[in-house]
Amino acid sequence: MKSRSSRKKIVLATSNPGKLREIRRCFKGLPLEFLSLRDIGGSGDVEEKGTTFLENAKLKSLAYSSLSEYATLAEDSGLEVDHLDGDPGVLSARYSDPGATEKKNIRKVLRQMKNVPWPGRRARFVCQLVLSHRGRVIKTCRGQVRGFIALEKKGDRGFGYDPIFFYRPFGKTFGELRPEIKNTVSHRGRALKKMRIFLLRHAGADDKRT
Ligand code: IMP
């Protein structure tokens, strides 16, 4: 088995604690060493001026990959509501600007969806992952999950819009799911599963998932 220091290193280029938790959980057992932005002295946000999740994930991945010699994984994700023509979309984190918070973002979506009957409450979460190395994109993976905007908040797990994202197969919001259950069906879990297979092939070792 390779020692920790001889393992290939990958920078996880996100400072969102909710995302980091899910990424680390999905990559558990991979024979790689994961670094944070802080480990490579990365600071400050990259301006997300793209109009798609892919554009923004590329912007972040390429910008942060120029800070170190390591492959760098960035992601952009968000909620798209059919009735709102795909909003909040790439603005998900800042939807209730100025001074956006998760609570205010949720309140805004619920207000906009007030009186919209159940079939019209369709929504999806999308996650776009981009892995870059030395200024070049080497792999992109996308995942999505369909659900509905709940009538009210339910559950206090997860982060962001989880408490108002109702997932019909489980009859629960994502905010009510244990993290390991959310990861099996979520947009991020699905994208990470594809990336895991790619990383495993390139780390040149067996899957050590327990
Ligand atoms: P960004 O990718 O950092 O620009 O922000 C993505 C935003 O989308 C987050 O701040 C959340 O508001 C929302 N989001 C993305 N993924 C999830 C999720 O798994 N659950 C709940 N909200 C999410």
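Residues numbered from 1 in each chain as written. Predicted model: local features only at pLDDT ≥ 70, side-chain atom pairs only at ≥ 80, totals over all residues. Heavy atoms only, no water.

Peer 1: Is there a simple way to explain the environment of Asp45 in this structure?
Peer 2: Residue placement: Asp45 occurs in the loop between strand 2 (32-36) and helix 2 (53-65). Along the chain, Asp45 and Lys182 lie 137 residues apart, while their C-alpha atoms are 27 Å from each other. (Helix = DSSP H or I, 4+ residues; strand = E, 2+ residues; numbered from the N terminus.)

Peer 1: I keep staring at the pattern of salt bridges and nothing clicks. Help me out?
Peer 2: One side chain can pair with another of opposite charge once the charged atoms of both are near each other. Under the definition given, this model contains 10 salt bridges. We note a salt bridge from Glu48 to Lys60, for which the minimum N-O separation is 3.2 Å. Within this pair, whereas Glu48 is found in the loop between strand 2 and helix 2, its partner Lys60 is found in helix 2, the two being separated by 12 residues in sequence. The exposure class of Glu48 is partly exposed, given its relative accessible area of 27%. (Salt bridge = Lys/Arg side-chain N within 4 Å of Asp/Glu carboxyl O. Buried < 20%, exposed > 50% of the residue type's maximum accessible area, 1.4 Å probe, protein only.)

Peer 1: In this structure, what is going on with the packing of helix 1 (residues 17-26) against helix 5 (residues 187-203)? I would like to understand it.
Peer 2: If you want to describe how two helices pack, look at the angle between their axes and the distance between the axes. Helix 5 packs onto helix 1 with a crossing angle of 40° between their chain directions and a minimal axis gap of 10 Å. Considering the angle they form, helix 1 stands oblique to helix 5. Where helix 1 crosses over helix 5, the two elements pack in a sense that is right-handed. The residues of helix 5 that touch helix 1, namely those facing Lys19, Glu22, Ile23 and Cys26, are Arg188, Gly189, Leu192 and Arg196. Its residues assigned to classes, the contact of helix 1 with helix 5 shows three nonpolar, one polar and four charged. (Axes fitted to C-alpha atoms, helices over the stretch in contact; angles between N-to-C directions. Parallel < 35°, antiparallel > 145°, perpendicular 65-115°, else oblique. Left-handed = near helix turned anticlockwise from the far one by under 90°. Contact = heavy atoms within 4.5 Å. Nonpolar A, V, L, I, M, F, W, Y, C, P; charged D, E, K, R; others polar.)

Peer 1: Even after reading the chapter, I still don't get the site of the ligand, so can you show me in this structure?
Peer 2: The immediate surroundings of the ligand are formed by 17 residues, with Lys19, Asp162, Lys182, His187 and Arg188 found nearest. Between the ligand and Lys19, the relevant distance is 2.6 Å, taken from an oxygen atom to a side-chain nitrogen or oxygen of the residue. Contact with the protein chains covers 92% of the free accessible surface of the ligand, which is 490 Å². Counting only elements with at least two residues in the shell around the ligand, the list comes to strand 3 (71-81) and helix 5. Ranked by residues supplied to the shell around the ligand, first place goes to strand 3 with four residues. Class assignment of the residues belonging to the shell around the ligand gives a composition of four nonpolar, five polar and eight charged. (Near = heavy atom within 4 Å. Polar contact = N/O pair within 3.5 Å; in protein donor to acceptor, adjacent residues only side chain to side chain. Areas by Shrake-Rupley, 256 points an atom, 1.4 Å probe, with all protein chains shown as cover.)

Peer 1: Whenever I open this one, the nonpolar core confuses me. Can you help?
Peer 2: The nonpolar side chains of a soluble globular protein tend to be buried with one another. Counting residues in each nonpolar core, the largest one holds 22 residues, and the members touching the most others are Phe27, Met195 and Leu199. Counting residues per element, the ones that place at least two in this core are strand 1 (8-12), helix 1, strand 2, strand 3, strand 4 (122-133) and helix 5. Considering each element in turn, this core owes the most residues, seven residues, to helix 5. Apart from the residues lying within four places of it in its own chain, the contact partners of Leu199 are Ile10, Phe27, Leu30, Leu32 and Leu131. Core analysis: the second largest hydrophobic core is formed by 20 residues, Tyr95, Leu110, Ala123 and Phe125 among them. (Core = buried A, V, L, I, M, F, W, Y, C linked by side-chain atoms within 4.5 Å.)

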